[in-house]
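# Tertiary structure, described
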Amino acid sequence: MTKSIDSPTGRLLAGLAVTLAAVGVFSFYALRQIRGLEDLQTSTVDRNRKDSLQLLRIQKDLNELGIAMRDMLYGDEPYPLAAWKKQFDGHRDDLDDALHLEAQLAPVARDPNQQRYLAALLAQFWSSAGHMFEMAAQGQERVARDMIRTSLEAQQGKLGSTVAQLLVQNNEAEQEAAARIQSIYFGVARNVYLFLAAVLLAIFGTTLYLIYSNRRLFQHLAAVSEHRSDLARKLITVQEETLHSLSRELHDEFGQVLTAIGAMLRRAEKRLPADSPFCADLREVREVAQATLEKTRNLSQLMHPSILDDGGLEKAIDWYLPVFEKQTGIKVRYEKKGTGPAITDRVAIHVYRVLQEALNNLARHSGSTQAVVRLEFPPGRLNLEVEDRGAGMPESRNGATRRGIGMTAMRERAELLEGTFEVVRPGEGGTLVRLDVPLTDTYEQ
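Bear in mind the structure is a predicted one, so any value in this text is a computation, not a measurement. (Residues numbered from 1 in each chain as written. Predicted model: local features only at pLDDT ≥ 70, side-chain atom pairs only at ≥ 80, totals over all residues. Heavy atoms only, no water.)

## Comments concerning the pairing of strand 2 (residues 370–376)
Under the convention used in this document: The classification of residues rests on relative accessible area computed with a 1.4 Å probe and restricted to protein chains. Under 20% of the type maximum is buried, over 50% is exposed, and intermediate values are partly exposed. The helix and strand labels rest on DSSP assignments: H or I over at least four residues marks a helix, E over at least two residues marks a strand, and numbering proceeds from the N terminus. In this scheme, strands are said to pair when DSSP sees at least two bridges between them. By convention, a crossover is right-handed whenever its connection, traced from the first strand over the helix to the second and viewed with the strands pointing away, goes clockwise.
Counting buried positions over the seven residues of strand 2 gives five, a clear majority of the element. Here strand 1 (residues 331–337) pairs with strand 2 via seven bridges, running parallel. When the sheet's bridge partners are listed, Tyr334 is paired in strand 2 with Val373. Remark: the strand 1/helix 8 (residues 345–366)/strand 2 crossover connection has left-handed handedness. Hairpin connection between strand 2 and strand 3 (residues 381–388): a loop of four residues separates the two successive antiparallel strands, and Gly380 in this loop has a positive phi of roughly 75°.

The following block contains the structure:
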């Protein structure tokens, strides 16, 4: 008794669910990391760069103011100090605009006090500059120059130093952000490799499990097929033995009884007067007994022809084909090529049964009035073909030839002989049944 095996479908579905869940979790993780990179790029790197541009703009204006103040102190131009006010006003407008934009773009991590400190320094500078231009407008240019030298230059230098510190902070924040981005990229790349390795391991494990399950399944099918073949062999053997025994019983026992009854009726008829009315009755009974004897002998031959045991396969075919023509009215053309070797009873009975079943199927299903039987003996083999030009074998829904009990029995007999059996549709129509078996030493012993 074969052992049943569990289906791997449940485990494979569970593995698929786990794999899909892992893909979903990893996809969520990867998308979250990418979103973090986008936020870091937008909120830190890009914002720092824009803020640094405004700080550079402020630094440029401060440097130009420093140059202007140097020219006001040491220049040889014949212009009064009040003439520089227009240039200072232009730089003030630009600095106010740059400071306003810089305040909006300042990094989130920056201390707000630094922003207020820069605005206070700038306001103090413009207050001192305004006082200096008032002195210059009143004609006190020496006092105004002293204010530039002692106050405005120091305030401008302090502003430049503060802006430079903010630029350094922005640069450091940008480098830190770049390091964090690199770390995130490295982490994502590492996790991608780990995930790919895990997926490959899962695929490898699933493949091994499929191979293992398929091997178990094929071993189970092979065992079932072997048991089925053994059962078919035993059933066919029992069938042939039963038919052989019944054929012998019908021929020897029942046939002898009918023969004896006929002889006794003949003797009884001879003892009666010729004009006795019982003579006609006895003749009628004797004719019935004789017809029954003939039917019994025919039935015995159909079950297991004695000529198969006495004369072999070829003589049995020579005897059976005319009987088939007489019973069915189908004309059979017999073509034989080559001379067969001595064929064992085991091979002969199976080939004969295939021929018998093929012709019976032809008579029941084909509707043809003619058939061709071919028997060939290539070296070491036997080929048998039964062909007609009738309606052909019925097909199932998928287009395959339906397999009845007789068709299955013919295939089983071919497998028992280690041969091949096939049913094909010739191009001209009809059905062709082909049997090919080896005539090995194993069968001839």
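After that view of the structure, there is still more to cover.
## Notes on the environment of Gln114
Basically, it comes down to this: Only heavy atoms enter the contact rule, under which two residues are in contact if any of them lie within 4.5 Å. Within 3.5 Å is the distance limit for a polar contact, defined as a pair of N or O atoms, with the added protein rule that one can donate a hydrogen and the other accept it, and that residues adjacent in sequence qualify only through two side-chain atoms.
Within the secondary structure layout, Gln114 lies in helix 3 (residues 112–137). You can call Gln114 partly exposed: its relative accessible area is 22%. C-alpha separation for the pair Gln114 and Leu166, spaced 52 residues apart in sequence, amounts to 8.5 Å. Dropping the residues within four chain positions of it, Gln114 is found in contact with Leu166 and Gln169. For Gln114, the side chain forms a polar contact with the side chain of Gln169, separated by 3.5 Å.

## Considerations on the sheet that holds strand 5 (residues 431–438)
Put simply, the test is: Between N-to-C directions, angles span 0 to 180 degrees; the directions come from axes that are lines fitted to C-alpha atoms, helices contributing only their stretch in contact.
In spatial order, the strands read 1-2-3-5-4; together these five strands make up an open sheet with mixed pairing. In this open sheet, the two strands that pair with only one neighbour each are strand 1 and strand 4 (420–424). Direction aside, the axes of adjacent strands within the sheet are offset by 10° on average. Most of the contacts of helix 7 (residues 313–328) go to strand 1, to which it runs at about 165°, and overall it touches strand 1, strand 2 and strand 3. This element, helix 9 (residues 405–416), spans strand 4 and strand 5 of the sheet and lies at about 145° to strand 4.

## Describing the pattern of salt bridges
Short version of the rule: Should a side-chain nitrogen of Lys or Arg be within 4 Å of a carboxyl oxygen of Asp or Glu, the pair is scored as a salt bridge.
Taken as a whole, this structure holds 19 salt bridges when the rule is applied. For Lys60, the salt bridge is made with Glu64, and the minimal N-O distance between the two is 2.8 Å. Of this pair, Lys60 and Glu64 both sit in helix 1 (residues 9–74), four residues apart, which is roughly one turn of the helix. In this structure, Arg374 and Glu385 form a salt bridge, with 3.1 Å as the shortest nitrogen-oxygen distance. Residue Arg374 is found in strand 2, and its partner Glu385 is found in strand 3; the two are separated by 11 residues along the sequence. The exposure class of Arg374 is buried, given its relative accessible area of 19%.

## So, the side chain of Glu102
Position of Glu102 among the secondary structure elements: in helix 2 (residues 85–105). In contact with Glu102, not counting residues within four places along its chain, are Asp51, Gln54, Leu55, Ile58, Arg110 and Gln115.

## Things to note about the environment of Gly157
As for its position among the elements, Gly157 is in helix 4 (residues 141–271). The exposure class of Gly157 is partly exposed, given its relative accessible area of 36%.

## With respect to the packing of helix 2 against helix 3
What describes two packed helices is the angle between their axes and the distance between those same axes. As a reminder of what qualifies: Every angle not falling under 35 degrees, over 145, or within 65 to 115 is termed oblique; those three ranges are roughly parallel, roughly antiparallel and roughly perpendicular. Under the scheme applied, nonpolar residues are Ala, Val, Leu, Ile, Met, Phe, Trp, Tyr, Cys and Pro; charged residues are Asp, Glu, Lys and Arg; polar residues are all the others, including Gly.
Closest axis-to-axis distance for the helix 2/helix 3 pair is 12 Å, and the angle between their directions is 170°. Classed by the angle they form, the pair helix 2 and helix 3 counts as roughly antiparallel. Touching Lys85, Phe88, His91, Arg92, Leu95, Asp96, Leu99, Glu102 and Ala103 of helix 2 are Gln115, Leu118, Ala119, Leu122, Phe125, Trp126, Ala129 and Phe133, all from helix 3. Its residues placed into classes, the contact of helix 2 with helix 3 shows 11 nonpolar, two polar and four charged.

## As for the nonpolar core
Test applied: Nonpolar core, defined: a set of buried Ala, Val, Leu, Ile, Met, Phe, Trp, Tyr and Cys residues in which side-chain atoms within 4.5 Å join the residues together.
Ranked by size, the top nonpolar core spans 37 residues in total, and within it Leu313 and Leu382 carry the most contacts. Within the residue set of this core, elements represented by two or more residues are helix 7, helix 8, strand 2, strand 3, helix 9, strand 4 and strand 5. For this core, the leading source of residues is helix 8, giving 10 residues. Leave out the neighbours within four places in its chain, and Leu313 touches Leu308, Ile343, Ala348, Val351, Tyr352 and Leu382. By size, the runner-up hydrophobic cluster in this structure holds 32 residues, among which are Phe88, Leu99, Leu122 and Trp126.

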